[in-house]
Amino acid sequence: MALLDVHLRARLRAYALDVALTIGPETVALVGPSGAGKTTVLRTIAGLRGADGGHVRLDGTPWLDTAARVDLPPERRSVGLVFQEYALFPHMTVAANVAFAHGDDPATMLARFGVGHLADARPGTLSGGERQRVALARALARDPQVLLLDEPLAALDTHTRATVRDELDALLGDLGIPTLLVTHDFRDAAVLADRVAVIVDGRIRQTGTAAELVSAPADAFVASFTGATVVRGVATPDGRGGARVALDDGGVLTAATAAAGRVSVAVHPWDVRVTTDPPRPGDGGGVIAGSAGRLVPEGGRVRVRVGCLVAELEADAAAALGGAAGAGETLYATVAPERVRLFAHDPAAVATPARTVTDPSGGRPAFAARRPGEPA
Ligand SMILES: Nc1ncnc2c1ncn2[C@@H]1O[C@H](COP(=O)(O)OP(=O)(O)OP(=O)(O)O)[C@@H](O)[C@H]1O
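Residues numbered from 1 in each chain as written. Predicted model: local features only at pLDDT ≥ 70, side-chain atom pairs only at ≥ 80, totals over all residues. Heavy atoms only, no water.

In the annotation of an unreviewed UniProt entry, the protein is listed under the name ABC transporter ATP-binding protein and assigned to Paraconexibacter antarcticus.

Here's what the structure looks like:
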């Protein structure tokens with residue numbers, strides 16, 4: 001069974017990268033913010049840059065071992081690479097691009113990816129989705145033992161992206177070779193990867209299935225990356241093993257876990273309940289009151305902002321709000337205490353806008369991502 005064993009140390013401009021990963025015949029997504037070191041890891045595995053320490057081994061055979069002074073050139077490492085920009089040679093035809101990767105049979109490879117009819121075309125005349133398929137055909141032409149994908153869907157529009165993502169998902173399942181996929185997008189990671197590793201400043205914060213990261217994030221950054229809204233507040237123990245958190249932006253949440261002092265609070269949008277009437281005082285839970293934002297449809301559900309939280313509702317729950325949303329009326333958001341996650345205060349988690357994810361119930365989650373900076 002194929003096993004890619006990676007441990008890399010490298011001094012980068014702003015931090016020291018130190019990453020260990022073992023990848024069996026599976027797809028592992030390396031996700032994290034810009035500058036976290038994702039591309040550096042991928043390029044080092046491919047042999048396109050060196051490391052200050054560590055190793056890369058495939059089934060025990062070293063491609064890189066700084067202690068033993070082994071550092072195979074890229075062409076002696078059996079990797080297929082797909083870069084962000086597809087890196088096709090613009091002056092060559094599609095067929096020549098694939099043949100260049102010394103595939104003996106570019107026509108068969110292209111046909112396999114549904115782009116056989118484009119063999120004589122120049123890359124500049126292809127759509128993003130077509131270029132992506134050609135790049136995959138080229139990456140796989142040498143029958144590599146390891147596949148490295150750097151933001152393979154980044155250049156595609158939303159519609160093409162969903163289609164190509166599904167194709168890629170099927171392909172990766174068929175290939176069954178160690179595959180490392182670099183992406184900014186938690187949704188892509190959740191669909192394509194068996195495991196997701198979250199990297200920040202050159203260190204892996206957490207590795208798990210997408211559903212594990214959603215249900216048990218190790219820290220506020222991971223929570224925000226999986227789609228949680230992260231806000232700040234001050235926690236006071238409630239004397240019953242939980243805590244009451246006064247949020248900086250107004251409102252109170254109660255948590256089932258104990259905490260005291262400044263905290264980051266992570267809440268997934270699908271755990272937020274929204275009502276037009278305030279909860280009864282005797283309910284004891286926290287509440288956030290806020291003027292309702294617009295209702296925004298998202299993947300069969302509806303999102304609405306209430307104060308500092310974003311709620312994701314079933315269509316009928318949204319309909320029950322009547323005209324309150326969008327009309328600027330006051331709505332009330334509540335969250336079950338066991339769904340309020342408290343973390344040591346982490347400014348990075350708040351500074352990075354959450355990627356949004358829809359309810360992960362039912363096996364592999366269906367994700368709906370919002371780009372950083374887009375309104376919730
Ligand atoms: N040769 C180098 N020497 C020193 N620092 C470097 C070198 N190459 C990259 N860096 C720095 O290392 C950090 C990680 O870069 P890298 O490209 O791996 O990040 P990334 O996670 O892939 O980011 P993005 O998502 O924006 O592509 C960046 O701050 C980059 O400026």
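Structure shown, so let's carry the discussion forward.
This structure, assessed with the given rule, holds 17 salt bridges. Notably, a salt bridge pairs arginine 165 with aspartate 188, separated by 2.5 Å at the nearest N-O pair. Placement of the pair is arginine 165 in helix H5 (residues 158–175) and aspartate 188 in helix H6 (residues 186–192), with a sequence separation of 23 residues. Judged on exposure class, the residue arginine 165 and its partner aspartate 188 are both buried. Note that arginine 240 and aspartate 238 form a salt bridge whose closest N and O atoms lie 3.8 Å from each other. Judged by its relative accessible area of 26%, aspartate 238 is partly exposed. A network of salt bridges, in which partner residues are shared, links Glu298, Arg301, Arg303, Glu312 and Glu314. (Salt bridge = Lys/Arg side-chain N within 4 Å of Asp/Glu carboxyl O. Helix = DSSP H or I, 4+ residues; strand = E, 2+ residues; numbered from the N terminus. Buried < 20%, exposed > 50% of the residue type's maximum accessible area, 1.4 Å probe, protein only.)

Once that is clear, we can look at the sheet that holds strand S11 (residues 203–208). Neighbouring strands of a sheet are bound in pairs by backbone hydrogen bonds; such pairs are parallel or else antiparallel. Taken in spatial order, the six strands line up as S7-S8-S9-S3-S10-S11 in an open sheet, and their pairing is mixed. Looking at strand neighbours, the two that pair on one side only are strand S7 (79–82) and S11, the edges of this open sheet. Within this sheet the neighbouring strands show an average axis-to-axis angle of 15°, counted without direction. With four bridges connecting them, strand S8 (residues 146–150) and strand S9 (residues 179–183) associate as parallel partners. By the bridge assignment for S9, leucine 148 is matched with leucine 180. Relative to the sheet, H5 contacts strand S3 (27–31), S8 and S9, its axis offset from that of S8 by approximately 160°. (Pairing = 2+ DSSP bridges. Axes fitted to C-alpha atoms, helices over the stretch in contact; angles between N-to-C directions. Contact = heavy atoms within 4.5 Å.)

For an α-helix, the turn length of 3.6 residues means that residues three or four places apart are oriented alike. In this model, H5 (18 residues) spans 25 Å end to end at C-alpha, consistent with the 26 Å of a helix rising 1.5 Å per residue. Among the residues of H5, Thr160, Arg161, Val164, Arg165, Leu168, Leu171 and Leu172 are the ones counted as buried. Along H5, the residues classed as buried sweep out an arc of 130° about the axis, all on the same side. Seen from the buried face of H5, the exposed residues on the opposite side, beyond 90 degrees, are His159, Gly173 and Asp174. Considering only its buried residues, H5 is in contact with S3, helix H3 (106–112), helix H4 (128–140), S8, S9 and H6. Trailing H5 by a residue or two, glycine 176 shows a phi angle of about 60°, which is positive. (Expected span 1.5 Å × (residues − 1). Arc of directions from axis to C-beta.)

Before going further, it helps to spend a moment on the site of the ligand. Looking at the ligand, there are 13 residues lining it, with Ser34, Gly35, Lys38, Thr39 and Thr40 nearest. Between the ligand and arginine 13, the relevant distance is 3.0 Å, taken from an oxygen atom to a side-chain nitrogen or oxygen of the residue. Considering the ligand on its own, with 640 Å² of exposed area, one finds that the protein chains cover 68% of that surface. For the shell around the ligand, the residue count by class is four nonpolar, six polar and three charged. (Near = heavy atom within 4 Å. Polar contact = N/O pair within 3.5 Å; in protein donor to acceptor, adjacent residues only side chain to side chain. Areas by Shrake-Rupley, 256 points an atom, 1.4 Å probe, with all protein chains shown as cover. Nonpolar A, V, L, I, M, F, W, Y, C, P; charged D, E, K, R; others polar.)

With that out of the way, let us pick up the side chain of glutamate 151. Along the chain, glutamate 151 turns up in the loop between S8 and H5. Among buried charged residues, glutamate 151 stands out as having no salt bridge; its nearest opposite-charge side chain is lysine 38, 5.3 Å away. Side-chain polar atoms of glutamate 151 contact the side chain of histidine 184, separated by 2.3 Å. (Lys, Arg positive; Asp, Glu negative; His and termini not counted.)

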